[in-house]
Amino acid sequence: MKKKGKSIQAKQQRAGWIYLTPATLLIFVMSFYPIIQALITSFRTGPSSRMKWASPLTWNYTRMFQDKLFMRSVGNTFLYLIVQVPIMLILAMILAQILNNKDLKFKGFFRTCVFLPCAVSLVSYSLIFKSLFATQGLMNHILTSIGILKENYNFLGNPGSAKAIIIIALLWRWTGYNMVFYLAGLQGIEYSVYEAAKIDGANSWQTFWRITVPLLKPTIIMTFIMSINGTLQLFDESVNLTSGGPANSTITMSHYIYNNSFGVGVANFGYASALSFFVFILVAILAAINMKVGDTRD
Amino acid sequence: MIKKRGSVVQRRLIPSYIFLIIISFISVFPLYWMVTAATNSSVDVARGKIVFGTKLMENMRNLLAGQDLWGAMKNSFIFATVQTLVALFVCSLAGFGFELYHDKNKDRLFSLLLMAMMVPGVATMIPLFKMMSRMGFLNTVMGFMLPAISTPFLIMMFRQNSRNFPVDIMEAARIDGLSEFGIYWKMFFPVMKATFAAAAVITFMNAWNAYLWPRVVLTDKKAQTMPILIANLSAGYVVDYGMLMLGVLFCSIPTMIIFFILQKQFAEGITGSVK
């Protein structure tokens, strides 16, 4: 009897491991192995068919820090990150707060509207914004007819305005997405908690900072990590909205790496791998910092 | 008395309503404009026409003349559907195993797998491209989906959501002679239907909208998906806005339908493992 019990347990244990195997193998082969390969390739140089070790080994990395264009792509990516992510998350929080009011009518309608941009792909909305802000586009038409602009302005042809439009487009696409997280979190907070705060004489500002923010902290941290992660990997918008232009002034890191790997007539796998490993380290560091911040405040 | 209080409350909410109306308008307008632009000529679009026009068929003819629209739609449908089915099976099985058969070693493995979340797509694209071309998977559904099947996000989603799975019933089922896989198929799957639905919606959407990796692995025009097709539409020097927006509309119709019918599942799919 005892023996039989043991063999059943062993069978169950084995079944458990079998269930994990396909997913585990795929992650190892499709994520972990390639990232190690990327690290190795980043020390190599030459055309993809005849690659050899770089000498000195760190040559690609030395080159990276001297590459003004790559540094600009890093700068652009961080600009999008620093400007866009806070505005987006604050706006998402405000919207979630408003929509969580139990006296508000047409809640479902408003929520659907704000959430709607998530229904289109990144390429689609990039092309929509590209068309809206084209020199002969609707935005110019509206701004000139109401007299704000004297003549059509080439929004995507000037570095400053092109960056602003990427940020506006990102805000449009992702604010509703983050709002959904906050709304789900807010709905998880018991209404009685707020009632109690009200009885204790807390105003809505205090209620927000003393109750909502601490209770939503895990959600807020997660949206931060996701947004940072997403922004560091921006690609579709840079490629399709501005093509990285004008004169590479809006190019992102991923876009530049893509151009170095699969751009027309270029296959600089060694150098591109060094750049991509740099992005990997950035993503890992920022994720670690975020986790740490999340932990110590507890 | 109660009515009066209600109207006071509603009056206090007027700024909220105004704010929501403005944000809703901004959110919806670009998509409304995209649909109208698909029915107008490029000249009218540039002139700022924002009502529906009569040039839909003309735009359609132009689009079909230059692009293999139906081919790309078919590719997108097949690739996204196959990826969704396989990813759901692989990740639900893993989530099931991690949660309901868990022990210390499996928990350690789980933490290790979570680290894959930090690996950016752009960093693995070159090695994966080499791997796929060695295996002959370029321009195939295998090449398209293999890197996207097993994600920590989906595994975690299934794991977290099976926290409340009735473990006692599993014991009872075993005594009744149900095999371990029978427990997954006959018990786990029906109980977890809501999670499967949410996971299916989010996976399909992601697969349909994917751009960077498909652009790398689908080098042949015959294998291109909708996002690649519409990206190519705008690459020329002169852009036909009517035709471009019609292409964007085609790319967006399936995901918009899913959004409107399965919005709840979509929202659950996005928030996924947060519980």
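What counts, and where the lines are drawn
Throughout this description, residue numbers start from 1 for each chain and increase along the sequence as written. Chain labels run from A onward and ligand labels from 1 onward, assigned in the order the entries are written. This being a predicted model, a pLDDT of at least 70 is required before a residue's local features are given, and a value of 80 or more before pairs of side-chain atoms are given or counted; all residues contribute to the totals for chains, interfaces and linings. Calculated side-chain values reflect all of the structure's heavy atoms, with hydrogen atoms and water omitted. Secondary structure elements are taken from DSSP: a helix is a run of H or I of four residues or more, a strand is a run of E of two residues or more, and numbering for both begins at the N terminus. Throughout, the radius of gyration refers to the C-alpha atoms, and the reference size of a globule is 2.2 Å times the residue count to the power 0.38. The span you would expect from a helix comes to 1.5 Å times its residue count less one. The buried label goes to any residue with under 20% of its type's maximum accessible area, the exposed label to any with over 50%, and the partly exposed label to all in between, with areas taken from a 1.4 Å probe on protein chains only. What makes two residues a contact is simply this: any of their non-hydrogen atoms within 4.5 Å. Residues forming no salt bridge and having over 30% relative accessible area are the ones grouped into patches, like charges within 9 Å of each other and nonpolar side chains (Val, Leu, Ile, Met, Phe, Trp, Tyr) within 5 Å. Residue exposure ignores everything except the shown protein chains as possible cover, and the areas themselves are Shrake-Rupley values with a 1.4 Å probe. When a carboxyl oxygen of Asp or Glu lies within 4 Å of a side-chain nitrogen of Lys or Arg, that pair is called a salt bridge. The domain boundaries here were taken from an automatic or database domain assignment. As a working definition, buried area equals the accessible area (1.4 Å probe) given up by two parts on being put together, with both sides summed. A 3.5 Å cut-off defines polar contacts: any pair of N or O atoms within that distance qualifies, except that in protein one atom must be a possible hydrogen donor and the other a possible acceptor, and neighbouring residues in sequence count only when both atoms are side-chain atoms. Between the rings of Phe, Tyr and Trp (Trp by its six-membered ring), a pair exists once the centres lie within 6.5 Å; its type follows the angle of the planes, with under 30 degrees stacked, over 60 edge-to-face, and the other angles tilted. Sitting over a ring, as applied to charges here, requires NZ of Lys or CZ of Arg to be within 6 Å of the ring centre and within 35 degrees of the ring normal. As used in this record, nonpolar core signifies buried Ala, Val, Leu, Ile, Met, Phe, Trp, Tyr and Cys residues forming a set joined through side-chain atoms within 4.5 Å. A fitted line through C-alpha atoms serves as each axis, taken over the contacting stretch for helices, and the angle formed by two N-to-C directions is quoted from 0 to 180°. Any angle from 65 to 115 degrees is called roughly perpendicular, while one under 35 is roughly parallel, one over 145 is roughly antiparallel, and all others are oblique. Residues are grouped as follows: nonpolar covers Ala, Val, Leu, Ile, Met, Phe, Trp, Tyr, Cys and Pro; charged covers Asp, Glu, Lys and Arg; every other residue, Gly included, is treated as polar. By definition, turning the near helix anticlockwise from the far helix through less than a right angle yields a left-handed crossing, and turning it clockwise yields a right-handed one.

The helix and strand inventory of chain A stands at twelve helices and two strands. Helices (α) and strands (β) of chain A occur, in sequence order from the N terminus, as α-β-β-α-α-α-α-α-α-α-α-α-α-α. Here the C-alpha atoms of chain A give a radius of gyration of 25 Å, more than 25% beyond the 19 Å that 2.2 N^0.38 yields for 298 residues. By principal-axis analysis of the C-alpha atoms, chain A measures approximately 90 × 75 × 35 Å.

Structural remark: α-helix, 3.6 residues per turn; residues separated by three or four positions point the same way. Residue and element names in this part refer to chain B. Helix length check: helix 12 (residues 193-209) (17 residues) gives 24 Å between terminal C-alpha atoms against 24 Å at 1.5 Å per residue, within 8%. With twelve of 17 residues buried, helix 12 lies mostly within the body of the structure. Burial in helix 12 covers these residues: T195, F196, A198, A199, V201, I202, T203, F204, M205, A207, W208 and N209.

Glancing now at the environment of F129 of chain A. Tracing the backbone through its elements, the reader meets F129 of chain A in helix 5 (residues 122-132). Judged by its relative accessible area of 4%, F129 of chain A falls in the buried class. Residues F129 of chain A and M139 of chain A lie ten residues apart in sequence; the distance between their C-alpha atoms is 9.7 Å. The contacts of F129 of chain A, once residues within four sequence positions are left out, are I168, A169, W172 and L241 of chain A together with P30 of chain B.

Residue and element names in this part refer to chain B. Together, I14, I18, I22, F25 and I26 make up an exposed nonpolar region whose accessible area comes to about 480 Å². Of note, F25 is situated in helix 2 (residues 14-37). For F25, a relative accessible area of 54% translates into the label exposed.

Residue and element names in this part refer to chain B. Taken domain by domain, chain B consists of domain 1 (2-55) and domain 2 (58-270). In this complex, domain 1 contributes eleven residues to the contact, which on the side of domain 2 involves twelve residues. Surface buried jointly by domain 1 and domain 2 totals about 900 Å² across both partners, of which 70% is contributed by carbon and sulfur atoms. Our count for the contact surface shared by domain 1 and domain 2 stands at zero salt bridges. Scanning the region where domain 1 abuts domain 2 turns up five residue pairs in polar contact (both at pLDDT 80 or more). Sorting the residues of the side of domain 1 that touches domain 2 by element identifies helix 2 and helix 3 (42-46) as the ones contributing at least two each. Among the elements that take part in the side of domain 1 that touches domain 2, helix 2 stands out by supplying five residues, more than any other.

Our next topic: the packing of aromatic side chains. Given two aromatic rings, their pairing is described by the distance between the two centres and the angle made by the two planes. Under the criterion given, the structure shown has 50 aromatic pairs over all chains. Pairing Y184 of chain B with F188 of chain B gives two aromatic rings, centres 5.7 Å apart and planes at 25°, and the pair type is stacked. Here the residue Y184 of chain B and the residue F188 of chain B both occupy positions in helix 11 (residues 180-191), the gap between them amounting to four residues, near one helical turn. Taken together, the aromatic side chains of Y19 of chain A together with F89, F96, Y101, F158, F165, F181, Y184, W185, F188, F189 and F196 of chain B make up a single cluster linked through ring pairs. Over the ring of F110 of chain B we find R159 of chain B; its NZ or CZ atom is 4.4 Å from the centre of that ring.

This part takes up the side chain of Q83 of chain B. Residues and elements named next belong to chain B. Summarising the element assignment, Q83 is placed in helix 5 (residues 69-100). Here Q83 falls in the buried class, since its relative accessible area comes to 4%. Here Q83 is in contact with F144, M145, A148, T203 and A207, once residues within four sequence places are set aside.

Let us now look at the nonpolar core. For soluble globular proteins, nonpolar side chains are generally found buried alongside one another. Counting residues in each nonpolar core, the largest one holds 188 residues, and the members touching the most others are M179 of chain A together with W33, M226, I230, M245 and F266 of chain B. Other than its neighbours up to four places away in sequence, M245 of chain B contacts L127, I128 and S131 of chain A together with W33, M34, A37 and A38 of chain B.

Before going further, it helps to spend a moment on the packing of helix 7 (residues 159-187) of chain A against helix 16 (residues 263-271) of chain B. Where helix 7 of chain A contacts helix 16 of chain B, the two axes come as close as 10 Å, and the packing angle between them is 85°. Between helix 7 of chain A and helix 16 of chain B, the angle falls in the class roughly perpendicular. Listed contacts from helix 16 of chain B to Y177, V180 and F181 of chain A of helix 7 of chain A are A267, I270 and T271 of chain B.

A few words on the side chain of S16 of chain B. Here S16 of chain B is to be found in helix 2. Under the relative-accessibility criterion, S16 of chain B is labelled buried at 16%.

Turning to the environment of T21 of chain A, a few remarks are in order. Residue and element names in this part refer to chain A. Tracing the chain through its elements places T21 in helix 1 (residues 2-41). Classification of T21 by relative accessible area gives partly exposed; the value is 37%. Here W17 takes part through its backbone oxygen, which lies 2.7 Å from a polar atom of the side chain of T21.

This paragraph deals with the environment of V83 of chain A. All names here are of chain A. Tracing the chain through its elements places V83 in helix 3 (residues 68-99). Taking the relative accessible area as the measure of exposure, V83 reaches 32% and is therefore partly exposed. A sequence separation of 16 residues divides V83 from L99, and the C-alpha atoms of the two residues are 25 Å apart.

Here we come to the interface of chain B and chain A. Taken together, the 89 residues of chain B in the interface contact 82 residues of chain A. Approximately 7,600 Å² of surface area, both sides summed, lies buried where chain B meets chain A, with 77% of it carried by carbon and sulfur atoms. Per-residue buried area on chain B facing chain A is highest for L20, M118 and I126 of chain B; these three make up 8% of the total on that side. Where chain B touches chain A, the interface holds zero salt bridges. Across the side of chain B that touches chain A, the residue classes tally to 65 nonpolar, 16 polar and eight charged.

Moving on to the pattern of salt bridges. Residues and elements named next belong to chain B. Per the stated rule, a full pass over the model turns up nine salt bridges over all chains. Between E99 and R159 there is a salt bridge, with the nearest N and O atoms lying 3.0 Å from each other. On the criterion of sequence distance, the pair formed by E99 in helix 5 and R159 in helix 9 (residues 152-161) is long-range, its members being 60 residues apart. E99 sits in the buried class, given a relative accessible area of 14%. A single salt-bridge network, built from bridges that share partners, covers E99, D107, R159 and R163.

For the pair helix 11 (residues 253-262) of chain A and helix 7 (residues 121-134) of chain B, interaxial distance at closest approach is 10 Å and the crossing angle is 20°. Overall, the two elements helix 11 of chain A and helix 7 of chain B adopt an arrangement that is roughly parallel. As helix 11 of chain A runs across helix 7 of chain B, the sense of the crossing is right-handed. Residues S254, I257, Y258, S261 and F262 of chain A of helix 11 of chain A touch helix 7 of chain B, and the partners they reach there are V122, M125, I126 and F129 of chain B.

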